[in-house]
Amino acid sequence: MPSHQIYMQRCLDLAALGMGNVSPNPMVGAVIVHDGKIIGEGYHRQYGEAHAEVNAVKQVLSQFAHTAELLKQATVYVSLEPCAHYGKTPPCADLIIKHRIPKVVIGCRDPFEQVDGRGIEKLKDAGIEVEVGVLEEECKWLNRRFFTRVQKHRPYIILKWAQTEDGFFAPDNNQQLWITGPESRKLVHQWRGEEDAVLVGKNTVAIDNPRLNVRYGAGRSPKRVVIDRRLELDNGLNVFDQSAETLIFNSVKTTIEGKNKYIALEDFDRFVPQYILYQLYLQDIQSVIIEGGAYTLNTFIEAGLWDEARIFAGSISLTRGIKAPEIKGIIAGEVLSGTDSLQILYNKQ
């Protein structure tokens with residue numbers, strides 16, 4: 001693997017450490033190389049805090065003497081175009097110019113309107129050599145949530161469900177049934193910690209009384225999103241316990257009660273997925289994992305509003321019940337999760 005790609009892969013590995021902590025910002029990693037050796041590296045750790053390039057430069061300043069001369073002979077590798085505007089932090093392009101670093105290698109451009117080529121232009125105008133497009137597809141893929149929100153004005157949508165060996169989603173008698181084993185349930189909790197929000201329909205809340213948190217995983221619990229058109233759910237259910245911000249989409253009222261935010265949609269008969277996703281976009285929610293029920297999942301599938309599907313198949317059979325959703329996409333792979341199989345698909349659109 002050529003050296004540019006080796007250093008960019010290190011940027012990607014670092015950037016991924018910010019998963020679940022930097023949204024709605026992108027995940028970014030940076031590496032500073034001098035004379036074929038990494039002398040500093042960093043990543044964006046937390047939303048509102050220092051960006052990757054800042055942390056990489058800080059590491060150089062803290063570990064070496066004569067840092068000014070080192071940086072004047074170094075190359076910065078960064079997985080996403082350095083920002084050129086003032087946001088929560090100063091522009092990273094200005095930091096690179098300040099330290100007179102002569103070369104910057106960038107994985108991919110930042111599609112955000114206030115950046116989108118401006119960081120590259122600012123660096124070039126300062127006489128810095130800029131190379132763009134090293135491991136470009138890999139860099140875009142890592143930030144697919146960020147790119148989806150910026151370019152499509154909606155969150156990145158992950159569908160998740162479990163189905164029996166014979167293709168059923170749940171019994172038809174409103175009884176709770178665990179289809180998957182403990183390994184799969186733990187994995188789902190880990191996924192929740194990686195996304196901004198988890199969405200369910202009314203029937204899932206009424207039957208399963210889920211907490212929708214990460215008690216079997218690591219990271220922070222996501223925001224909870226509930227669809228309850230007529231506000232028929234009991235306020236004593238776990239999703240209303242004020243332990244996490246909860247958005248309840250309905251047709252009755254718009255109000256805030258502690259951490260529970262009721263959002264009324266004007267039309268609950270048409271374009272409901274579109275309205276919900278746009279509201280989530282306005283709330284800076286970058287990614288959503290939809291966990292059920294079958295009707296809710298099918299609604300988003302029929303609207304074509306999904307990016308990724310993660311489907312568990314358990315070893316039990318029902319012979320009758322609610323049929324699991326049917327979905328077509330690009331099969332990315334199938335692996336075992338304990339005794340369950342897990343298939344991952346991507347929307348080909």
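Look a little higher up for the structure.
Thresholds, definitions, all that
- Residues numbered from 1 in each chain as written.
- Predicted model: local features only at pLDDT ≥ 70, side-chain atom pairs only at ≥ 80, totals over all residues.
- Heavy atoms only, no water.
- Helix = DSSP H or I, 4+ residues; strand = E, 2+ residues; numbered from the N terminus.
- Buried < 20%, exposed > 50% of the residue type's maximum accessible area, 1.4 Å probe, protein only.
- Contact = heavy atoms within 4.5 Å.
- Areas by Shrake-Rupley, 256 points an atom, 1.4 Å probe, with all protein chains shown as cover.
- Lys, Arg positive; Asp, Glu negative; His and termini not counted.
- Charge placed at Lys NZ, Arg CZ, Asp CG, Glu CD.
- Pairing = 2+ DSSP bridges.
- Axes fitted to C-alpha atoms, helices over the stretch in contact; angles between N-to-C directions.
- Salt bridge = Lys/Arg side-chain N within 4 Å of Asp/Glu carboxyl O.
- Polar contact = N/O pair within 3.5 Å; in protein donor to acceptor, adjacent residues only side chain to side chain.
- Expected span 1.5 Å × (residues − 1).
- Arc of directions from axis to C-beta.
- Core = buried A, V, L, I, M, F, W, Y, C linked by side-chain atoms within 4.5 Å.
- Right-handed = clockwise from strand over helix to strand, strands pointing away.

(A) Region of the structure containing the overall build of the protein. Scanning the protein for helices and strands turns up 11 helices and 17 strands. The C-alpha extent of the protein, read off along each of the three principal axes, is 70 × 45 × 35 Å. Classification of the 349 residues of the protein by burial places 52% in the buried group. Here the analysis covers contacts within the protein between residues at least 6 apart in sequence; of these, 68% occur between residues at least 24 apart. When the accessible surface of the protein is split by element, carbon and sulfur atoms take 47% of a total near 16,800 Å². Each charge class in the protein can be summarised by its mean position, and for the 40 positive and 43 negative side chains these summaries are 3 Å apart.

(B) Structural context of the sheet that holds strand E4 (residues 103-108). Here five strands make up an open sheet; going across it, the order is E2-E1-E3-E4-E5 and the pairing mixed. Edge positions in the sheet fall to strand E2 (37-43) and strand E5 (129-132), since each has one partner strand and no second. The mean angle between the axes of side-by-side strands here comes to 15 degrees, regardless of whether they run parallel or antiparallel. Examined bridge by bridge, E4 and E5 share four bridges and lie parallel to one another. Residue pairing in the sheet places Val105 in a bridge with Glu131 of E5.

(C) Broad picture of the pattern of salt bridges. Taken as a whole and judged by the stated rule, the model has 22 salt bridges. A salt bridge links Arg144 to Glu308, with the shortest nitrogen-to-oxygen separation between them at 3.7 Å. Note that Arg144 is positioned in helix H7 (residues 144-152) and Glu308 in strand E14 (residues 308-313), a separation of 164 residues in sequence. Each member of the pair, Arg144 as well as Glu308, is classed as buried.

(D) Seen up close, the environment of Val134. By secondary structure assignment, the location of Val134 is in the loop between E5 and helix H6 (136-142). In sequence terms Val134 and Gly107 are 27 residues apart; their C-alpha atoms lie 4.8 Å from each other. In contact with Val134, not counting residues within four places along its chain, are His4, Gln5, Met8, Val105, Ile106, Gly107 and Cys139.

(E) Structural view of the side chain of Thr148. Along the chain, Thr148 falls in helix H7. Given the relative accessible area of 8%, Thr148 is considered buried. Of note is the side chain of Thr148, whose polar atom sits 2.7 Å from the backbone oxygen of Arg144. With residues up to four places along the chain from it excluded, the contact list for Thr148 reads His153, Arg154, Pro155, Tyr156 and Asp307.

(F) Examining helix H1 (residues 3-15) more closely. Between its first and last C-alpha, H1 extends 18 Å over 13 residues, near the 18 Å set by a 1.5 Å rise per residue. Residues Tyr7, Met8, Cys11, Leu12, Leu14 and Ala15 constitute the buried set of H1. The buried residues of H1 all sit within an arc of 165 degrees when viewed along its axis, so they share a single face. Against strand E1 (29-34), E2, strand E3 (75-80), E4 and H6 lie the buried residues of H1.

(G) Fine view of the nonpolar core. Met8, Ile32, Tyr77, Val104 and Leu123 are the most contacted members of the largest nonpolar core, which has 45 residues in total. In terms of residue count, H1 provides more of this core than any other element does, six residues in total. Apart from residues no more than four positions distant in its own chain, Ile32 is found in contact with Lys37, Ile38, Ile39, Gly40, Ala56, Val57, Val60, Leu71, Ala74, Thr75 and Val76. Core analysis: the next-biggest nonpolar cluster, separate from the first, contains 32 residues, Leu199, Ile276, Leu277 and Leu297 among them.

(H) Examining the pairing of E4 more closely. Counting buried positions over the six residues of E4 gives six, a clear majority of the element. Relative to E4, E3 runs parallel, the two sharing five bridges. In the strand pairing of E4, Leu80 is matched with Cys108. Handedness of the crossover is the feature at issue here: the chain leaves E4, passes through helix H5 (residues 118-125), returns alongside E5, and the resulting connection is right-handed.

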